[in-house]
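# Descriptive structure summary
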Amino acid sequence: MSRRSLAALGWLAAVVVATLAGIGAIRLVGDSLTGTPGGVRSQAEVARDLAAAADRSPAPTIAPPASPTESTTPPSDVQRKTFQIAGGTVVARCENGLVSIETWSAAQGFALRDLDEGPDDEAEAKFEGAGGRSEIKLECRAGQPVRKGHDD
């Protein structure tokens, strides 16, 4: 064989070895970079995992009502009221003339962006999500939590 043929054959062998090494490395690392961790899951596995997660998670603190409603009146001068807006639900109370947000729950597709829970002359919750922005400002009027600027 001539020198030129040996050089071409050596170059071709080097290309084949490099290509095979590259393919092997991609297979070795590729699944961890682009694949689903743990492989593809069946519907039964997903349902089982969701049921297990639901058993571990605490129950929601409030169920959003269809419209603002007043909860049962607690003893003393504390008055609570639930308000529902597009971004979520807020439960507020008035005590000694000051308003406080006791609990809040963001609606699906929304997240709490800002919260001034009081107690103060005014309390405020701002939600933001795919549906836009939604906010509520509350104050105490006649010992009751009301939306600021509204005649409730």
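Computed from a predicted model, the values in this text were never measured in an experiment.

### Topic: the sheet that holds strand β7 (residues 132-141)
Taken in spatial order, the 4 strands line up as β5-β6-β7-β8 in an open sheet, and their pairing is antiparallel. Of all the strands in the sheet, just β5 (110-116) and β8 (144-147) have a single pairing partner and so form its edges. Shown here is a sheet whose adjacent strand axes are inclined to one another by a mean of 25 degrees, direction ignored. In the sheet, strand β6 (residues 123-129) pairs with β7 via 7 bridges, with the strands oriented antiparallel. Residue K126 lies in a different strand from β7, and its bridge partner there is E135.

### A word on the pairing of strand β3 (residues 88-95)
For β3, the buried fraction is high: 6 of the 8 residues fall into the buried class. Counted between consecutive antiparallel strands, the loop separating β3 from strand β4 (residues 98-106) contains 2 residues, among which N96 sits at a positive phi close to 55 degrees.

### A look at the confidence of the model for the chain
Of all residues in the chain, 74% have pLDDT values of 70 or greater, and the mean over the chain is 80. No element of the chain has a lower mean pLDDT than strand β1 (residues 69-70), which averages 46, and none a higher one than β6, which averages 94. Below a pLDDT of 50 lies the segment residues 68-75, which in the model reaches 11 contacts outside its immediate sequence neighbourhood of four places, other chains included.

Thresholds, definitions, all that
- Residues numbered from 1 in each chain as written.
- Predicted model: local features only at pLDDT ≥ 70, side-chain atom pairs only at ≥ 80, totals over all residues.
- Heavy atoms only, no water.
- Pairing = 2+ DSSP bridges.
- Helix = DSSP H or I, 4+ residues; strand = E, 2+ residues; numbered from the N terminus.
- Axes fitted to C-alpha atoms, helices over the stretch in contact; angles between N-to-C directions.
- Buried < 20%, exposed > 50% of the residue type's maximum accessible area, 1.4 Å probe, protein only.
- pLDDT = per-residue confidence, 0-100.
- Contact = heavy atoms within 4.5 Å.

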